[in-house]
Amino acid sequence: MAELRTETMTVNMGPQHPSTHGVLRLVLELDGEVIRSAQPTIGYLHTGIEKTAEQKKWQQVVPLVERMDYLGAQSNSLAYVLCVEKLLGLEVPQRVRDIRVLIAELQRMSSHLIWLGTHAMEIGAVSMLFYAIRERELLLNINELLAGFRFFPSYLRVGGLREDLPRGFHEAVTAFLDRFPAKIDEYEGLLSGNDMFLRRTKGVGVIAQDDALAWGLLGPIARGSGCGYDVRRYFPYSGYETYDFDVPTETDGDVYARYRVRMRELRECVKICRQALARIPPTGAWACDDPRVVPPPKDKVYTEMEALIQHFLIYSQGFTVPAGDAYVPVEGPRGEHGVYAVSDGTNRPWRVKMRAPSFLAIQALPTLIRNGLIADVVAVIGSTDVVMGDCDR
Amino acid sequence: MDSHGIIDTLTRLVPGATYDAGANVDFATLYVPAARLVDTCLALRDTPALGFNVLVEVTAADYLPRDPRFEVVYHLLSIPHRRRLRLKVRTTDAASIPTVQGVWPSAGWLEREVWDMFGVVFDGHPDLRRLLMPEDWEGHPQRKDYPVQIRKAAQTYEPLEITEEEFKANLERDRLKRTH
């Protein structure tokens with residue numbers, strides 16, 4: 001009888017693996033079905049957005065940063081515009097702040113729906129994806145109504161918004177909010193008590209709170225391990241301190257805990273959206289009145305010389321930002337999205353850096369999957385909710 | 001606690017180190033000498049009054065033609081005190097700065113990215129390889145003297161390590177194994 005071979009086996013997973021959320025490559029060292037070590041390789045989606053941003057005017061960077069984390073587009077641009085406004089010392093009107101809160105929460109729901117659909121699909125509940133995409137379609141329709149663009153609306157601008165809310169916006173959002181809570185019940189009915197789902201997720205990919213913080217996994221991952229940190233609560237921006245909402249936490253730190261956190265977050269999103277919608281008058285100010293940054297209204301451009309000059313200056317040269325640097329975080333769907341921007345006092349950024357939660361999540365992935373089964377790798381990747389565009393930028 | 005309060009606390013904890021407060025519009029900013037970086041970070045993490053338990057971000061900015069040209073920027077977060085802090089270390093492309101991976105493990109990839117993009121060397125980093133750029137890439141793209149658009153032919157860095165005969169023999173052996 002031949003001698004039993006006992007060496008470990010190296011398996012290449014990705015970069016074209018359908019469960020790696022894009023183009024993540026993992027080199028797994030296997031002992032039978034148990035993972036002894038893992039080595040992630042990233043960079044396949046590196047597009048040099050941070051370098052490109054240095055060539056653009058401040059306002060032109062908004063569409064670029066939306067393409068980093070393509071599922072949480074408007075939370076990227078929210079962090080960016082808040083950061084530039086911090087450098088400029090701008091205050092935007094209350095109505096704009098409320099609209100930004102509403103948009104950020106709609107974006108969070110949209111991102112969580114894709115996470116829910118793909119995560120459940122990867123561990124076997126294929127039909128979940130169709131249910132999740134059904135509701136996400138309605139959110140994309142709202143984006144289309146808002147800005148004519150479904151994925152990357154670029155509706156948030158430095159100094160306010162691109163234009164006023166369209167007619168029918170309140171009705172569209174209300175219709176969605178009326179429909180959605182029953183749909184969350186439906187999702188939970190499919191998964192939360194599903195024996196197969198529980199067996200795939202409970203006790204899998206466990207991370208303790210201290211480890212999660214040491215690896216910088218701020219966001220749903222740390223909240224799944226019992227850490228109550230949420231940027232909206234700890235460092236409120238855009239008036240989040242005036243909203244009534246809970247920060248859901250779970251203590252188990254496994255895949256199921258992270259699922260529970262995000263499902264409860266969906267319900268909190270609905271709560272915040274309802275409050276925001278009630279505060280937003282259908283018409284009103286949609287940008288601050290700082291003539292350095294916001295172009296004058298069209299009727300004035302056609303009738304007043306100063307307004308025409310101002311319009312021309314903003315569209316040809318942009319605006320300058322005082323020299324200095326600022327870091328502004330927001331609570332994105334994946335955790336703390338932050339923008340660090342450096343200005344040298346000109347009309348173009350000197351440096352723009354996005355703090356990417358997916359980047360840190362993939363760094364910690366080997367810790368999460370070590371000594372687990374190979375079949376659980378996709379469950380753990382799904383539960384970290386990584387977006388490779390965010391990771392590689 | 002503002003920059004000066006943190007400096008006062010730190011000067012007591014890390015003897016012999018001098019810190020400068022940096023201008024800021026958001027939260028406290030300190031310039032830290034590279035030689036005392038690890039001591040400072042340990043003090044910031046382990047002193048209960050400071051309690052900076054999370055390293056949020058490590059990045060850098062190239063201020064060419066200023067000398068020293070780089071500023072490596074660390075963003076820290078203290079969850080118990082709801083406070084943020086920015087550390088800055090000035091460095092050049094000839095010098096290197098110590099890694100803080102021993103203080104916060106999250107520094108590993110963040111510092112690797114800074115090396116990849118700026119060429120700042122982190123002493124004691126166990127795995128300072130390319131992260132976002134291909135392994136055979138030349139130059140550090142985020143430097144200000146690096147061109148924005150260049151054309152580079154696609155390269156493969158690993159030739160096939162097996163000859164055609166070995167490849168065929170392998171297939172044959174596999175086929176025989178399955179037929180028996």
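Residues numbered from 1 in each chain as written. Chains lettered and ligands numbered in written order. Predicted model: local features only at pLDDT ≥ 70, side-chain atom pairs only at ≥ 80, totals over all residues. Heavy atoms only, no water.

A. Representation of the overall build of chain B. Secondary structure assignment for chain B yields four helices and seven strands. In chain B, the succession of helices and strands from N to C terminus is α-β-β-α-β-β-β-β-α-β-α. Summarising its shape, the C-alpha atoms of chain B cover approximately 75 × 45 × 25 Å along the three principal directions. As displayed, chain B has an accessible area near 9300 Å², and 53% of this comes from carbon and sulfur atoms. (Helix = DSSP H or I, 4+ residues; strand = E, 2+ residues; numbered from the N terminus. Areas by Shrake-Rupley, 256 points an atom, 1.4 Å probe, with all protein chains shown as cover.)

B. Local environment of the overall build of chain A. On a plain count of helices and strands, chain A comes out with 16 helices and eight strands. For chain A, whose C-alpha radius of gyration is 22 Å, the value lies close to the compact-globule estimate of 21 Å for 393 residues. Seen through its C-alpha atoms, chain A measures out along the principal axes to roughly 95 × 45 × 35 Å. Across chain A, every contact between residues at least 6 apart in sequence was considered, and the portion connecting residues at least 24 apart equals 70%. Accessible surface, chain A as shown: approximately 14900 Å² in total, 54% of it carbon and sulfur. (Rg over C-alpha atoms; globule rule 2.2 N^0.38 Å. Contact = heavy atoms within 4.5 Å.)

C. Representation of unusual backbone geometry in the model. The omega torsion of the bond from B:Leu64 to B:Pro65 falls at 5 degrees, within 30 degrees of zero and hence cis. Inspection of the secondary structure assignment puts B:Pro65 in the loop between β3 (54-62) and β4 (70-78). Going from B:Asp67 to B:Pro68, the amide bond is cis rather than trans, its omega being -5 degrees. If you trace the backbone, B:Pro68 turns up in the loop between β3 and β4. At A:Asp385, a residue that is not glycine, the phi angle is positive and equals roughly 55 degrees. Despite not being glycine, B:Arg82 has its phi angle at roughly 50 degrees, a positive value. With respect to the helices and strands, B:Arg82 occurs in the loop between β4 and β5 (83-91). We classify B:Arg82 as partly exposed; its relative accessible area is 43%. (Buried < 20%, exposed > 50% of the residue type's maximum accessible area, 1.4 Å probe, protein only.)

D. Inspection of the environment of A:Tyr229 at higher detail. Along the chain, A:Tyr229 falls in the loop between α9 (220-224) and α10 (231-234). Residue A:Tyr229 is classed as buried on the basis of its relative accessible area, which comes to 1%. Counting along the chain gives 19 residues from A:Tyr229 to A:Pro248, while the straight-line C-alpha distance between them is 10.0 Å. Setting aside chain neighbours within four positions, we find A:Tyr229 in contact with A:Leu218, A:Arg223, A:Tyr234, A:Phe235, A:Glu336, B:Leu77, B:Ile79 and B:Arg84.

E. Looking closely at helix α5 (residues 127-147) of chain A. Residue and element names in this part refer to chain A. The first and last C-alpha atoms of α5 sit 31 Å apart over 21 residues, in line with the 30 Å expected at 1.5 Å per residue. Among the residues of α5, Met128, Leu129, Ala132, Glu135, Arg136, Leu139, Leu140, Ile142, Asn143, Leu146 and Ala147 are the ones counted as buried. Its buried side turned inward, α5 meets α3 (73-88), α4 (94-122) and α6 (169-191). Note on α5: the residue one or two positions beyond its end, glycine 148, has a positive phi of about 75 degrees. (Expected span 1.5 Å × (residues − 1).)

F. The packing of aromatic side chains, seen in detail. All names here are of chain A. Taken as a whole and assessed by the stated rule, the structure comprises 16 aromatic pairs over all chains. With a centroid separation of 6.2 Å and an interplanar angle of 40 degrees, the aromatic rings of tryptophan 115 and tyrosine 259 are classed as tilted. In this pair, tryptophan 115 sits in helix α4 while tyrosine 259 sits in helix α11 (residues 255-279), placing the two residues 144 residues apart along the sequence. With relative accessibility at 1%, the residue tryptophan 115 sits in the buried group. (Phe/Tyr/Trp six-rings, centres within 6.5 Å; stacked < 30°, edge-to-face > 60°.)

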